[in-house]
Structures are given as structure tokens and as C-alpha cells.
Amino acid sequence: MESINKSDNNFEQCLKCTICTVYCPVLAVNPQFPGPKHGGPDQERLRLKMPSFYDEANKYCMNCKRCEVACPSNVRIGDIIQKAKLKYSRHRPSVRDFFLSHTDLVGTLSSPFAPLVNKALGWNVTKQILDGVLKVDRHRTFPKYSHEKFTSWMKKHADEQKQYPHQLCYFHGCYVNYNFPDLGKDLVRIMNAFGYGVELLEEEKCCGVALISNGFVGQARKQAETNLKSIRKAVSQEKAVILTSSTCAMTLRDEYPHVLNLDNKDVRDHIEIATRFIYRMIHETKAFDVSKLKFRNRPLKIAYHTPCHLEKLGWEYYSLELLRLIPNINLTVLKPNCCGIGGTYGFKKENYENAQKIGAPLFKEIEEGDFDFIVSDCETCKWQIEMSTSKKCIHPISVFAQALD
Amino acid sequence: MKIEKLMNEYDVIIIGGGATGAGTLRDCSLRGLKAALIERSDIATGATGRNHGLLHSGARYAVTDQESAQECISENQILRHIARHCVDETDGFFISLPDDDLAFQNKFVASCQMAGIRADVLDPKEALSLEPSMNPSAIGAVRVPDGSIDPFRLTASNIQDAKAHGATVLTYHLVTELLHRQGTITGVRATDMRTGEQTELHAPIVVNACGIWGAHLAQMAGVKISMFPAKGALLIYGHRVNKIVLNRCRKPSDADILVPGDTICLIGTTSTKVPYDEIDNMYVLPEEVEILRKGAQELSPILEKTRILRCYAGVRPLVASDDDPSGRSVSRGIVLFDHEKRDGLKGFITITGGKLMTYRLMAEKATDLVCEKLDVNKKCETAHIKLPGSREEKETTLKKLYSMPISIQESMVYRHGDMAEKMSKNNTINNSLVCECEEVSYGEVSYAIDHMDVHNLIDLRRRTRVGMGTCQGEFCACRAIGILAKQKQICPTREKEELIAFLNERWKGVKPIAWGDSLRESQYASWVYESVCGLGDENKK
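Every value quoted in this text rests on a predicted model; they were computed, and no experiment measured them.

Criteria and thresholds
Residues numbered from 1 in each chain as written. Chains lettered and ligands numbered in written order. Predicted model: local features only at pLDDT ≥ 70, side-chain atom pairs only at ≥ 80, totals over all residues. Heavy atoms only, no water. Helix = DSSP H or I, 4+ residues; strand = E, 2+ residues; numbered from the N terminus. Rg over C-alpha atoms; globule rule 2.2 N^0.38 Å. Contact = heavy atoms within 4.5 Å. Areas by Shrake-Rupley, 256 points an atom, 1.4 Å probe, with all protein chains shown as cover. Lys, Arg positive; Asp, Glu negative; His and termini not counted. Charge placed at Lys NZ, Arg CZ, Asp CG, Glu CD. Buried < 20%, exposed > 50% of the residue type's maximum accessible area, 1.4 Å probe, protein only. Phe/Tyr/Trp six-rings, centres within 6.5 Å; stacked < 30°, edge-to-face > 60°. Lys NZ or Arg CZ within 6 Å of the ring centre and 35° of its normal. Salt bridge = Lys/Arg side-chain N within 4 Å of Asp/Glu carboxyl O. Pairing = 2+ DSSP bridges. Axes fitted to C-alpha atoms, helices over the stretch in contact; angles between N-to-C directions. Domains from an automatic or database assignment. Buried area = accessible area lost by both parts, 1.4 Å probe. Polar contact = N/O pair within 3.5 Å; in protein donor to acceptor, adjacent residues only side chain to side chain.

## A look at the overall build of chain A
Along the backbone of chain A there are 23 helices and 8 strands. Expected size for 405 residues packed as a compact globule is a radius of gyration near 22 Å; at 21 Å, chain A falls within 12% of this value. Intrachain contacts of chain A at a sequence separation of at least 6 include 76% that bridge at least 24 residues. Carbon and sulfur atoms provide 53% of the accessible area of chain A, an area that totals close to 16,700 Å². Within chain A, the 46 negative side-chain charges are centred at a point lying 3 Å from the centre of the 56 positive side-chain charges.

Dropping the structure here:
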């Protein structure tokens, strides 16, 4: 365990300019939250003096990292708050927190009974029980579980994938594996069209982002070590490691070293989202030739919502560029507002109201825009948008795959 | 200028609002004397507010000065009891680095034991696990009961208690003349520095508790005290890196004590003789900054990468002993002059020398002499009557602040002990923050302005830590001046002047270490105030 009064002094770079406070989506709707500057660098100084200064209201931080994007002094504000939560909070995770964050376990248990589980999660009585007993807000709709896991599908098609001249590894994440294998299949289709076969990592665990935010740091570190081991192996075989989930990508790249103190310098640059990989293959190495692709040429009026964690990575550009390759597309980039879900954050009863308030400007913009559907890289943004608006929300990879003839 | 002849009659007048003056005022008041204190500036502005804030165990003096060591350990235990809210019981290490002679450690431990100071030799590895910031190459470590003490709060608390016992406090009053009658001092004439009004105060005894400035007051009274001003510079780091005081286990020298004081830690000191006429104008030189940085990094290597917040220098009131006016044998001990016996001047006594640690003992000695002269037969009780703020368990006070965020609760109780209760009315406005770095609430600022002799922002800083955090007033100064203006009915022109004075005072301490993030932050602050708020024309910083 790290000793309590040691610090890498990153918080000292803060000039108190307070830009982060203006960008924080939580503070705008919940004055109980001390805010990024105050809960972060300001109070870090006090916590280093005495751990009893830790303010439990820091739990309201949804770890969107918008503060870090806004910070002109390179202070890792979100990380400081996350670490403080893990280090000082006296609040123990509840049963609910356990179920929300152990996605591998819950997914593995649910998949075989997917039709039943999906039906049951839709019943009012189930929602009432989840709300009353577990404090998972009853307004929430749950993502449906898939009967066949993505990994099972991949195993069936492994030989087929080996036929392609090049190979890459896909970190599918829990959502693709347990809930929505179609996104993974779309990715495989695109990569195959470019002449790349897709493999799974030797062993993949949940990236652990929910474990970190719910306080299960030991379990998160264990899973992170497994993932890093698999990624190292893939990298040593000169295979790219790509993801479709922006949050998983941010976790593997940044949360591992900054929050879990795991060194990933050797592989960090090899981890990227699929849309960036495609962009680089088209423009840098010229390995992908778009002119060979055939599109359906169907008119589309869509809007793109930037997930906070993708903005943190600075990579929304690549997803937008991919969408712009589709002919006859009318693409609107929505204002950079947070949707409010924050992974498991918005599922919690105590955060539901604020999550919806945070997302309100985004929902309004979506409803007023008369779009065919919304596009976003993040699965939890998708759930939030689909629950809170009348529109579907689709991953850019799926949009691209479906546009192919 | 109007001269008011107020019939201000007292039993005793104390000149000097440092810890010694405040302590003497309290002691006199507790013994039933009608006492007044006069200070030309704010309380705790001289050496009291410009030292290390170290609650000495006495270990530092054990080898060279047994008497001081014994005084320290005895006062150390008393202060933990009577001024608990001003004391942080951190303990201290005396560490030996590879360059230091380990043989000194034996001598040191033996001397500590002789003075009655607990001194436990620790395995350096164990010491490192207790204090991870200490130099890992240490070859020896001794644990002693050092701590840290806040001199501003200590002085303020003495003043509060004295006032509760009927004392009068006149800050911002400059003594212009000592009133004489037939070889006896009978009182003082003072000028109110803010209004220019003159006042006379009368008393059979006047106590000179002016520290280094006492030489000047003595001269005014027609007697001579030889003082040898010694400047000591200190550096403040941006946050509390060590939780245990770190000392070098060697003969006392420059930059060898690192004290965790409240939210920060500070390294000191240097020691340079300065001419008496320069004591009002102390600044820190680049070479002093270098000495301090080097010493600090030897004690705790992480300090090389830690932000330096500011620096300051104070003047030690060293007094030449009467047997040796040349100053060769300068004492750091307590000096009490009965000028009636010494110089044939009745009604005037001087209490000086000593150190912050022994302020209470100095006050006791001075008050004993005052009582003897006034023929008052009352015993000193300051060694066991607790100061306001230290009279209730921390947990009890915390419970009374239920409506506040925990960080504000903790900060307020850390600073004011049980007095915090009066500062929170558990309502939204009082719970809102003025200073975000140091968690100073509106209620705390408001209470200090109304009840703690605050006349400007700099006074307010000494009571509450407004502007003492890493932003050095960037955000809190304009908020605080608004509250001050409202409660003291200050006009907008003076409001601006006060703000400028405060920001310039902050900049003075930052300037010698203005590089890296501290410089960036200062520039940002000046941009906010000069360019955005238009404080530019007047602000020549």
C-alpha cells in the first residue's frame, strides 16, 4: 500500500484558474460536490496534511475527465479525485456497487439465460425491487444480454480470420461480449474488407473502470495485470490492439498508470480505438485503400455525440473522419455536452436525477435536430441517449459497416 | 491634531503585542490587574509571527544549553495542555546523515536524558517507515517530543482570554512618549496610527515587551539595553511533506529543521547579524534561499520537486548580558530587567530574550515582578488554565458544526478549537467558502473581523489563514475585502488600497523564490487583479 503522505506533486501545478470548475458537468447540477479544483488539487493538499480532511462528497465525481481536458496546467484532476476516493473514503462499496462493477461475473451469469434475464429486467416488479433493495434507479433501462457471447462467436470463426494476410487483436470489452456482439461483428467485417483478420487477446478481462470507480481497486489491479500481459504478448507479435469502446481505451492507456500505478509505457502507444487505427491505415501507412470499398449510397442525416472519455483521448476526430468517408452523409457534431451517465454512476438511485439534469441540454439538442439516429463511440452514452430521447444511438463502426455494400 | 487627555488609568501597561506581551497581558488579567496592551501594528507581527512555529522539545538545545532545554521541555508539556488547539503533536526526529558523526548521537541522547527529554533511538529503517519523506540514506534517527505550534493563534488566544478578563487592547497605536514624574514612569502617550489621534494611558508600571524593538523603547525611557539583532530566514513549501519534525542530529547550524506547520512545511533557519536600524526592513537574499533549499533537500529529498510557496525573515531579540556589554556572550535565555534596581528608573520593567516556546514563562516572570511591585499577592495560574479554543474535545466541537462539509469543519476546529462553534451558525452563508486553499468559511472571516481585533486583510490572514494557501490571495482577497468593507464600513477607495497592500505583502514573500509554478501563479494573480479587475494603476508590484 502506498504511504499516505507521499505525492508525485502533480497537484501543485494547479494555478487555481478554476476553468475546470466551469467545465464540470456535475457541479453545474449538484452544489454538494466540491468540484474538480476544490475536491482535487485544493483538498489534496489538506488530505496530505491529514486523511480526516477527505470529503465523502467527492463520490459525486463521475470521472468524466472533462476537468483534465479543460486544465491548461496539465493537472490530472480526475485522477487525483479517483485516487483520493480509493485511498481515503471510509464508505465501503455496497452489494449494488458489486453487481454494477463486476461486469465479467454478471455477464457470465446472465448470458446463458439471456432471454429470461432480459425479460425480467424489463418488468416493473424487478425494477421496483432493484430500486428499493439495491438502490438502482427504477427509471433505468438495462442493456439486453446476448445469448451468444462475442468470444464464442469469434472462436467459431477463428480459422476463417486466420486466412487474412494481416492480423490484429481486438479488445472487445464487456459490452460487446455480453450485450452487443453485433458491434464486434461489424468491426470484424470492416477489418476483413481492408484485408485484416481479427483475433482475440490471449486472455481479456473487463478493463476495470467500473471496479475503480466503485472502490474495488484490488480486483481492478488484478484484471489490469492480466490485460497488460495479453496486450504485451500481442504487441511483441507486432499486432495492433484496437478497441471500439472509448472508455476501455482510456482506462487501458491512462487509468492503469495514473490510478492503479501500473506501468504501461511499453505498450500504451499500441492501444487505440478502431476508428483511429483505420484513419492511420488510410492516411499514414496507406495500407487501407478506401477507393476499393463499395458503399450503399443511402442518404443519412445523423448527429455525432462525443463521449467524454474520447474527448480526453483527443480522438473524436478519427471517428468523425470515418463517418465522413460515407457518401451522401449529413453529419452534425453535437455540442460538447456530457450525457450524464458516467458508466455506472447514473444507474445509482442517488445520482439518477442529477445524471438526467446533466444530460438535459444534449437530449434537447437531439430532439430538436430531426436526425435519423445518433452516433457515439461509448456504450453507456448509447444507453443514456436511447433511454432519454426518441433516437437510437449507434457506434461509428456499425454505421460504417452498415453503409458498406 | 487633537490631543485627548483621557483619564485612562490602569494597573499595568504592556507595550508589544507579540506572544510575550499577549501572555503577560493575560497573566496580569488573570491575577485581577486592570491591564492594557499597546501595539504599533497588529498582534504577532514581530519575531512571534516570523519564526519556525516549532514546539521545541528542548532537544535542539540539550547539548549546548541545558537550561534552555529544560525550560523548553517543561513549557512544551504545559502548552500541549493549555494551548492544545495551537499545537500539532507531531513528534520529531533527529536524523544523522552519512556526513554526520554518529558519535554525536550518543552525546545528544545523553544530554536529552539529562534535561528530562524523552529521546528514543530508532532504527533508520523504522524511522523511514514512520516518516516516508525523510532522507532514506539516514544512518541514525532519534525520536523526541517535538511538535508544531501556531504563533498567530497562540497570541490571538491569549489576547481573547485577557479581554474576557477585562483587559484593553490597542493595536495600531504607536507609543510616542513615556510619561515621567520624578524619576518614575507613570504612563505612555500613544498615537493611533490609523486616525492620528493621541491618547494617554496611565499606570504605575509599564512593561517593555517589544522584543528587538525594546532597545528603542528603553532609550525612550532613558535607559540602555544592548540588543544584537540576528536575522533568520525561512522557506515555506506548498504542502505538508513531512508529518514528523525533521532535525539534523549535529551541532545546531543553518537550515536544519523542517517543521510540518498546518497545511505546509517550512525549513529554517539562517542566522546573520544585522544592524539595528535595518530591523524594520527584512528581506530574504538569494544566497539564503540557496542555503535553505540545500538544507531542506538533505532532510527530505522530495523537496527538490516540491513547490516553494514563499519565504520570510524574522529578527531574534538577542540581548547582551549586563556583565558583558560587548555582546560576546549573547544569551538566548530569558532576560528580565527591573529598571528600578538596574538603572534607578521606577515603574519600568523589560522582559525580552527567550523564544516563542518560553513566552508563557516569560510572562509569568514579568507578571510576578509586576505583582511584587504593586504588592498584589496572587499566584500565576497560566500553566494550567486552558486558553480559549483548548477547552473542549475536538470531537465534541466537530459535532456542533454538523451542517458544514467535513473539510471546513476540520480546518476550522484545527485553527480555532472550541471557538469554532461561535463561527458557524450552521447556515448556508456562514458555511460558504472565502478561501478555497485553506478552507476558510464566511462565518470564520466574519467572526474574526468582529471579535478578533482585525483592521485589514493582513490582520485577517493572521487570524484565519486567508491568503496563506497556494494561491496567495488570488481568489480569497477580493472576497474577504468585501466582507471586511461591509462589516467595518470601509469606503471603496480604502477597500482598493487594502487589497493592493495585501497583494503586495503576499508578493514580497513570493518574489525571492519566484520561479516555476509559484511564478506562474503570481503572474496569473496579477493578471486577474491588474488586467481584469483594473487594479493596475495603483498596483506597482
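## Quick notes on the environment of B:G53
All names here are of chain B. Assignment of secondary structure puts G53 in the loop between β3 (35-38) and β4 (54-55). Of the residues examined, G53 reaches a relative accessible area of 7% and is grouped as buried. Separated by 407 residues in sequence, G53 and L460 place their C-alpha atoms 19 Å apart.

## Overview of unusual backbone geometry
With omega at -15°, the peptide bond leading from B:G268 into B:T269 counts as cis. Looking at where B:T269 falls in the secondary structure, it is placed in the loop between β18 (264-268) and β19 (272-273). Not every positive phi belongs to a glycine, and A:N297 is a case in point at roughly 55°. Along the chain, the position of A:N297 falls in the loop between α18 (274-283) and β5 (300-304). Of the residues examined, A:N297 reaches a relative accessible area of 49% and is grouped as partly exposed. Residue B:E439 is not a glycine yet carries a positive backbone phi of 55°. Assignment of secondary structure puts B:E439 in the loop between β24 (433-435) and β25 (440-441). Given the relative accessible area of 0%, B:E439 is considered buried.

## Let's talk about the packing of aromatic side chains
Counted under the stated rule, the structure contains 19 aromatic pairs over all chains. On the basis of an interplanar angle of 80° and a centroid distance of 5.9 Å, the ring pair of A:F98 and A:F216 is categorised as edge-to-face. Of this pair, A:F98 sits in helix α6 (residues 95-101) while A:F216 sits in the loop between α14 (209-213) and α15 (217-236); the two residues are 118 residues apart in sequence, bridging distant segments of the chain. Take A:F216: its relative accessible area is 17%, and that puts it in the buried class. For the ring pair A:F142 and A:F347, a centre distance of 5.6 Å and an interplane angle of 40° mean the geometry is tilted. Here A:F142, found in the loop between α9 (124-134) and α10 (150-156), pairs with A:F347, found in the loop between β6 (329-333) and α21 (349-368); they are 205 residues apart in sequence, far enough to count as distant. Using a relative accessible area of 22% as the deciding quantity, one classes A:F142 as partly exposed. With relative accessibility at 4%, the residue A:F347 sits in the buried group. One aromatic cluster in this structure is built from A:F142, A:Y175, A:F180, A:F347 and A:W383. The ring of B:Y10 is capped by B:K34, whose NZ or CZ atom sits 4.6 Å from the centre of that ring. Positioned above the aromatic ring of B:Y61, the side-chain terminus of B:K355 is 4.9 Å from the ring centre.

## Comments concerning the pattern of salt bridges
What the rule picks out here adds up to 75 salt bridges over all chains. Among the salt bridges present, the one from A:K37 reaches A:D42, with a minimum N-O distance of 2.8 Å. Residues A:K37 and A:D42 agree in their burial class; the two are buried. Between B:R462 and B:D459 there is a salt bridge, and its shortest N-O distance comes to 3.5 Å. Of this pair, B:R462 and B:D459 are both found in helix α16 (residues 457-464), 3 residues apart, which corresponds to roughly one turn of the helix.

## Details of the sheet that holds strand β10 (residues 168-170) of chain B
Residue and element names in this part refer to chain B. Taken together, the 6 strands give an open sheet; going across it, the order is β10-β3-β2-β14-β23-β22, and neighbouring strands pair in mixed fashion. At either end of the open sheet lies a strand with only one pairing partner, and these are β10 and β22 (334-338). Ignoring which end each strand starts from, the neighbouring axes of this sheet average 15° apart. Here β3 runs beside β10; their pairing, made up of 3 bridges, is parallel. Paired with A36 across the strands is T168, a residue of β10.

## Points about the domain arrangement of chain B
Residues and elements named next belong to chain B. Here chain B is described as being made up of domain 1 (8-47 + 152-226 + 327-374), domain 2 (85-149 + 231-315) and domain 3 (394-532). Each of domain 1 and domain 3 has a C-alpha centre, and the two are 30 Å apart. If you look at the interface, domain 1 gives 14 residues, while domain 3 gives 14 residues. In terms of surface lost to domain 3, no three residues of domain 1 exceed F152, R153 and Q160, which account for 45% of the buried area on that side. For the pair domain 1 and domain 3, the number of links is 3 salt bridges. Residue D42 is joined to R462 by a salt bridge in which the shortest nitrogen-to-oxygen separation is 2.9 Å. Counting across the domain 1 and domain 3 interface gives 7 residue pairs in polar contact (both at pLDDT 80 or more).

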